[in-house]
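# Observations on the three-dimensional arrangement
Residue-level listing of the chains:
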Amino acid sequence: MSGLTSRKNAITEITNRAPKSCKTPEPLNKIWASDVFGLAAMEEALSKNAFKAIKKTVQTGAPLDTATADVVAAAMKDWAIAKGVKFFSHIFYPMTNITAEKHDGFIITNSDGGAITEFTGSLLIKGEPDGSSFPNGSLRMTNAARGYTAWDPTSPAYVMKTANGATLMIPSVFMSWTGEALDKKIPLLRSNKAMDKAAQKVLSLMGETEIATLNSSCGAEQEYFLVDEHFANARPDLLLAGRTLFGAAPAKGQQFDDHYFGAIPARVQVFMQDFEDKLYRMGIPAKTHHNEVAPGQFEIAPYFEAANVAADHQQLLMTLMKSTAKEHGFLCLLHEKPFAGVNGSGKHVNWSVGNATQGNLLDPGSTPHDNLNFLLFCGAVIRGVHKYGPLLRAVIASAANDHRLGANEAPPAILSVYLGTQLESVFNDIKEGKLLEKAKGGLMDLGLSQILSFERDPGDRNRTSPFAFTGNRFEFRAVGSSQSVSGPLVAMNTMLADSLTWIADKLEAVLDKGEDKTAAVITVLQELMEEHGNVIFGGDGYSSEWHKAAVEERGLKNIPTTADALPAFKEESVVKLFESTGVLSPAELASRFEVYAEQYILSIEVEAKLVVGMASTRIYPATIEYLDSLSSTATNLSKLNITISHNSIDEIAAETDAMMAAVRKLKEAIEVEEFDSVEAHLNYCADTLCPLMLEVRTHADALELVVSDDLWPLPKYQEMLFIK
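Conventions we followed
- Residues numbered from 1 in each chain as written.
- Predicted model: local features only at pLDDT ≥ 70, side-chain atom pairs only at ≥ 80, totals over all residues.
- Heavy atoms only, no water.
- Helix = DSSP H or I, 4+ residues; strand = E, 2+ residues; numbered from the N terminus.
- Buried < 20%, exposed > 50% of the residue type's maximum accessible area, 1.4 Å probe, protein only.
- Polar contact = N/O pair within 3.5 Å; in protein donor to acceptor, adjacent residues only side chain to side chain.
- Contact = heavy atoms within 4.5 Å.
- Patch = residues over 30% accessible without salt bridge, like charges linked within 9 Å, V, L, I, M, F, W, Y side chains within 5 Å.
- Areas by Shrake-Rupley, 256 points an atom, 1.4 Å probe, with all protein chains shown as cover.
- Salt bridge = Lys/Arg side-chain N within 4 Å of Asp/Glu carboxyl O.
- Lys, Arg positive; Asp, Glu negative; His and termini not counted.
- Charge placed at Lys NZ, Arg CZ, Asp CG, Glu CD.
- pLDDT = per-residue confidence, 0-100.
- Expected span 1.5 Å × (residues − 1).

## Quick notes on the side chain of His532
The residue His532 is located in helix H16 (residues 517-532) in this model. Taking the relative accessible area as the measure of exposure, His532 reaches 8% and is therefore buried. A polar side-chain atom of His532 sits 3.5 Å from a polar atom in the side chain of Glu531. Sequence-distant contacts of His532, defined by excluding residues within four places in its chain, comprise Ile382, Arg383, His386 and Lys387.

Dropping the structure here:
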């Protein structure tokens, strides 16, 4: 089927689409976590001793003995089989942004040839996928391929139901035979452990006596686009690259600001309801959904959870989002920039740290100047972002996210910290040696009797900041919509562990001199602010003035592309950071650089090949056919003594020739294979292939605006973005 035919058929199908029936949602208390083998389900299924042991493991990370694992495995199997499950899978998260799973049956045969079910503690604890067939950064070769999955009891098992049946999914870590982390979960668990160790020391020095295990928490705001599947199927770029490599801007985009928080389209509302019901069954606390800024763009945000569980839930959320969208006739696009000219999609990671005894340590309370624990932990974050800004940029680097960062729609590629007016003033006073009581936000009174007065927040919200304090947490706003939250969480937890260790050493030295706690805290934070206060910025992060001042006056780095960002993994300070905290060995860290570099290179090369193919086999034939039609018409009219200007024909022909000349240059550039280093290959993709792709697109998009609509082979933005 030709591209033109596909486009016309897509428009016909969508125009005649019958709306999907909307089911009445079931009560939340009936479906909540109904497919999760969590603590509530385990308490019913296990003996008191077994439940006590597994609960302690889940809540504190305490080791679990094999006898209890056998009991848990038997109960888990019975629970799953009662839900129609015949298979189980250790689900894990390799060094990509996707999930991996291998399904095994509960079935075994006995000596009589009969079939029974079996699931022991050893089967629960360990699985064995091929360690060399996943991205591993040279940690595993084909001749040394063994890898293991191992059950993570701190994240609950669940039943995944699809049209093909139900499977028991067991969240797991993934490691090599020699013990290196091949996944995103092991570093996350290690980073929490490192952060807890450092935080315990700081809190002990502050006189805290009962200190529960500390954990980081995460709430990730997920943005996404929905496109009708009929249009998507007519766009090879959407199917294979996740974004439109061609497409002229429509007359109407987002300039009217009429989509953000607007009425949700009925078809999308039905999808959201179905999707969220599935999330609730999995125990994922979806809290908010709404239209986003760009047409066709939406957001869903879950409530805060422990970082490890939140990371698992984020992966599951993305999987369910895509599969549910397909059921409703949509393609769900998680690419950071699927459409040029309108806002892209991010995944704002809201991050905080706390425990059961001290609470949220990033909550300033009503008087942050008196909350010494908060000031220390907030100061640790400031130091971490300043010292390891390039690392934070590296963990969110991808070919897709490069289209957002620095594009005046998302936080810029300069890592800075926004604290808000009140808190910034507190830290500036600390730097200057004074700590005065600060005004609260004040009362918001509109002078309307029917509108109740309410407390105004003490700080505004800065949407141009990549790392912003938002009341009782920090929001890492530069994370990409398709990315796992594990990488950012690992970086934030680890930099916090390093900063807290630095603070503990400084604090201990000052306290040993006989200073009281308040004076000691101020002394340490004064030194911290002198060294790292330049990273605090409350102005417009999009402005050219800031970009210049950040680099020239404050010494911050502007890191616009993945090619610029990934070498941070090789910096000595970053290697030392991960090695000293026990989060990643030098070999494990080096593997991350190699894997992420390969993913970037492959992504750009796939896009480049798509550009060549689509321009050559779809756009060029359409323009030639249009030129032929124009020429024939001009010839026929001339026979009737009607003369038309050939300027437009000549202009279209020139634009077509220019496009194909750019295609030839791009095709030749793709064929270059020899590079001196990975860094050289990265830079070649960023500096050569990407500009050439843009050159082809510029000509193609210009042609879209003049070639007859009846001949254009690709669904257009105005058709795809406005959902019917």
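## Here we look at the environment of Arg190
Position of Arg190 among the secondary structure elements: in helix H7 (residues 185-205). A residue is classified by how much of its surface remains accessible, and Arg190, at 24% relative accessible area, is partly exposed. Measuring from C-alpha to C-alpha, the distance between Arg190 and Val583 comes to 5.1 Å, with 393 residues separating the pair along the chain. When near neighbours in sequence (up to four residues on either side) are disregarded, Arg190 contacts Gly179, Ala181, Gly582, Val583, Leu584 and Glu588.

## Remarks on unusual backbone geometry
Although it is not a glycine, Asp257 adopts a positive phi angle of roughly 55 degrees. Here Asp257 lies in the loop between helix H9 (236-241) and helix H10 (266-281). Asp257 sits in the exposed class, given a relative accessible area of 62%. Even without a glycine there, the phi angle at Phe261 is positive, about 60 degrees. The residue Phe261 is located in the loop between H9 and H10 in this model.

## Digging into a negative patch on the surface
On the surface, Glu668, Glu671, Glu673 and Glu674 cluster together into a negatively charged patch. Tracing the chain through its elements places Glu674 in the loop between helix H21 (647-670) and helix H22 (678-704).

## Observations regarding the confidence of the model for the protein chain
Per-residue pLDDT for the protein chain has a mean of 89; in total, 94% of the residues score no lower than 70. Put simply, strand E18 (residues 443-444) is where the protein chain has its lowest mean pLDDT, 45, and helix H19 (residues 572-581) is where it has its highest, 98. Per-residue pLDDT stays below 50 along residues 448-454; that stretch engages in seven contacts with residues further than four places along the chain or on separate chains.

## Here's the deal with H21
Between its first and last C-alpha, H21 extends 35 Å over 24 residues, near the 34 Å set by a 1.5 Å rise per residue. Within H21, the full set of buried residues consists of Ile649, Ile652, Thr656, Met659, Met660, Ala662, Val663, Leu666, Ala669 and Ile670. Contacts made by the buried residues of H21 are with helix H20 (586-639) and H22.

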